[in-house]
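Tertiary structure, described
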Amino acid sequence: MRGARKRFDDHAVLDGVDLALRRGETVALVGPSGCGKTVLLKCMIGLAPLDGGEILFDGASVAAMGDAARLDLRRRVGLMFQYNALFDSMTVGENVAYGLHERLSHPMAPAEVDERVAWALACVGLTGTADLRPEELSGGMRKRVGLARTMALRPEVILYDEPTMGLDPINTHRIGALIDGLHKSYGIASIMVTHDMKLAFDVADRVAMMHDGRVLGEGTPDAMRAHPDVRVRDFLTGTDREGAVADL
Ligand SMILES: Nc1ncnc2c1ncn2[C@@H]1O[C@H](COP(=O)(O)OP(=O)(O)OP(=O)(O)O)[C@@H](O)[C@H]1O
Ligand SMILES: [Mg+2]
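Position labels on residues start from 1 in each chain and follow its written sequence. The lettering of chains begins at A and the numbering of ligands begins at 1, in the order of writing. Totals for whole chains, interfaces and linings use all residues, but because this is a predicted model, local features are given only for residues with pLDDT of at least 70 and pairs of side-chain atoms are given and counted only at 80 or more.

1. Considerations on the overall build of the protein
- Secondary structure elements follow DSSP: runs of H or I no shorter than four residues count as helices, runs of E no shorter than two count as strands, and numbering proceeds from the N terminus. In terms of helices and strands, the protein carries 10 helices and 11 strands.
- For 248 residues, the compact-globule estimate of 2.2 N^0.38 gives 18 Å, and the protein sits close to it at 19 Å.
- Expressed as lengths along the three principal axes of its C-alpha atoms, the size of the protein is roughly 55 × 45 × 35 Å.
- Comment: burial labels come from other C-beta atoms within 10 Å of the residue's own C-beta, placed from the backbone, where a count of 20 or more is buried, 12 or fewer is exposed, and between is partly exposed. Per-residue burial over the protein gives 37% buried out of 248 residues. Taken over C-alpha atoms, the radius of gyration is set against a globule rule of 2.2 Å times the number of residues to the power 0.38.

Quick look at the structure:
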């Protein structure tokens, strides 16, 4: 992403974002609520057009892609949305198979779909749950079904929007370890938006912090902890110098 700009009315949400994702790398994207992280992910896969700058995937401009190339992009780049709702009217297996019907240019044979669903559920440690309903599962298991749905397309890149939102620390750790293991096994590159700094520092090769529509700082977890900009260090450690708590 080079010089990416996106505005809604007179509000410049992305104001010149430069961000690179290399093969097999995990980048944690952090930043205050409303700073544009979700918008950035949507722009990245062409769900929302940029007002300026460009996004290149494997050297090809996302904006210039035709329908076939865009469909291919949507298969190669998986997405786990912030409010990753499963369809309660469908079984776990049907939820996992959903993207296979939506995103592939050639339909898959039913037996192949079943095989892929079983593989994806095995990836997330949920073998044997295909016939259950999502409502029968815990929050942590539902997140894993969401991950299986993303994995089913065998993506090269996964964009995560708060994959552990609403989970307790133990389940957050488990999802983090699961994601990390899958990335290493299958060479998946990812951008992970999260408010969980422990998760960010545990799984990321690099951490990027957004602020006021730009990437304010990026680097390895160690480099970020020692970042020269105090706003970066304060955000990562949750330090509030405005004394907001004292004012309550
Ligand atoms: N479709 C839209 N129309 C108008 N404004 C929008 C739209 N989508 C996002 N915005 C605005 O863009 C800004 C960034 O929103 P975004 O959802 O990307 O924030 P975020 O960094 O993901 O926040 P959070 O951490 O709370 O999820 C917000 O001010 C939001 O109101
Ligand atoms: Mg968001």
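2. Concerning the site of ligand 1
- To decide whether a residue is near a molecule or strand, its C-beta atom is placed from the backbone and checked for lying within 6 Å of it. Near ligand 1 there are 11 residues, and of these Phe8, Ser33, Lys37, Thr38 and Val39 occur at the shortest range.
- Of the residues belonging to the shell around ligand 1, the class tally is 4 nonpolar, 6 polar and 1 charged. Polar here means any residue outside two lists: the nonpolar Ala, Val, Leu, Ile, Met, Phe, Trp, Tyr, Cys and Pro, and the charged Asp, Glu, Lys and Arg; Gly therefore counts as polar.

3. Section: the sheet that holds strand β3 (residues 26–30)
- Two strands qualify as a pair provided that DSSP identifies no fewer than 2 bridges between them. Across the sheet, which stays open at both edges, the 6 strands sit in the order β7-β8-β9-β3-β10-β11 with mixed pairing between neighbours. The sheet terminates laterally at β7 (77–80) and β11 (214–219), the two strands that pair on one side only. Direction aside, the axes of adjacent strands within the sheet are offset by 15° on average.
- Where β3 meets strand β10 (residues 206–211), 4 bridges bridge the pair, whose relative direction is parallel. Its bridge partner lying in β10, Ala28 is registered against Val207. To get an axis, a line is fitted to the C-alpha atoms, and for a helix only the part in contact is used. The angle between two axes follows their N-to-C directions and goes from 0 to 180 degrees.

4. Some remarks on the sheet that holds strand β2 (residues 11–17)
- The 3 strands are arranged β2-β1-β4 in an open sheet whose pairing can be described as antiparallel. Looking at which strands have only one partner, the edges of the open sheet turn out to be β2 and β4 (52–54). Neighbouring strand axes in the sheet, compared pairwise and without regard to direction, differ in orientation by 20° on average.
- Pairing of strand β1 (residues 2–8) with β2, which is carried by 5 bridges, proceeds in the antiparallel orientation. Its bridge partner lying in β2, Phe8 is registered against His11.
- Note that contacts rest on C-beta atoms placed from the backbone: two residues are in contact if these are within 7 Å. Strands in contact with helix α1 (residues 37–44) are β1 and β2; relative to β2, the strand with the most contacts, it is inclined by about 65°.

5. Quick look at helix α6 (residues 169–186)
- A helix is expected to reach a length of 1.5 Å times the quantity of its residues less one. Taking 1.5 Å of rise per residue, 18 residues should cover 26 Å, and α6 covers 26 Å from first to last C-alpha, within 8% of that figure.
- What α6 keeps buried is the set Thr172, Ile175, Gly176 and Ile179. In a view along the axis of α6, the buried residues occupy a sector of 100°, so they form one face of it. α6 presents Ile170, Ala177, Gly181, Lys184 and Ser185 as exposed residues on the side facing more than 90 degrees away from its buried surface.
- Along its buried surface, α6 packs onto α5 (139–151) and α7 (197–203).
- Following α6 by one or two positions, Gly187 adopts a phi angle in the positive range, close to 65°. The directions from the helix axis to the C-beta atoms form the arc being described.

6. Topic: the nonpolar core
- Under the definition applied here, buried Ala, Val, Leu, Ile, Met, Phe, Trp, Tyr and Cys residues are grouped into a nonpolar core through C-beta atoms within 7 Å. In this structure, Ala28, Leu29, Val96, Ala148 and Leu159 are the most contacted members of the largest nonpolar core, which totals 60 residues.
- Those residues in contact with Ala28, other than ones at most four positions away along the chain, are Met192, Thr194, Ala200, Val203, Ala204 and Val207.

7. Quick notes on the pairing of β11
- With 5 bridges joining them, β10 and β11 adopt antiparallel strand pairing. Pairing of His211 across the sheet is with Arg214, part of β11.
- Two successive antiparallel strands, β10 and β11, enclose a turn made up of 2 residues, where Asp212 displays a positive phi of approximately 50°.

8. Some remarks on the pairing of β1
- Judged from the 2 bridges that link them, β1 and β4 form a sheet pairing that is antiparallel. Each bridged residue has a counterpart across the sheet, and for Arg5 the counterpart in β4 is Gly52.

9. Side note on the environment of Ile191
- You can see Ile191 is positioned in strand β9 (residues 189–193).
- Separated by 72 residues in sequence, Ile191 and Trp119 have C-alpha atoms that sit 23 Å apart.
- With near-sequence residues (within four places) excluded, Ile191 lies in contact with Leu21, Val27, Leu29 and Leu159.

10. Re unusual backbone geometry
- A positive phi angle, close to 55°, is found at Asp58, a residue other than glycine.
- On the secondary structure map, Asp58 appears in the loop between β5 (56–57) and β6 (60–61).
- Its identity is not glycine, yet Arg154 carries a phi of approximately 50°, on the positive side.
- Take Arg154: it is sitting in the loop between α5 and β8 (157–161).
- Taking the number of C-beta atoms within 10 Å as the measure of exposure, Arg154 has 14 and is therefore partly exposed.

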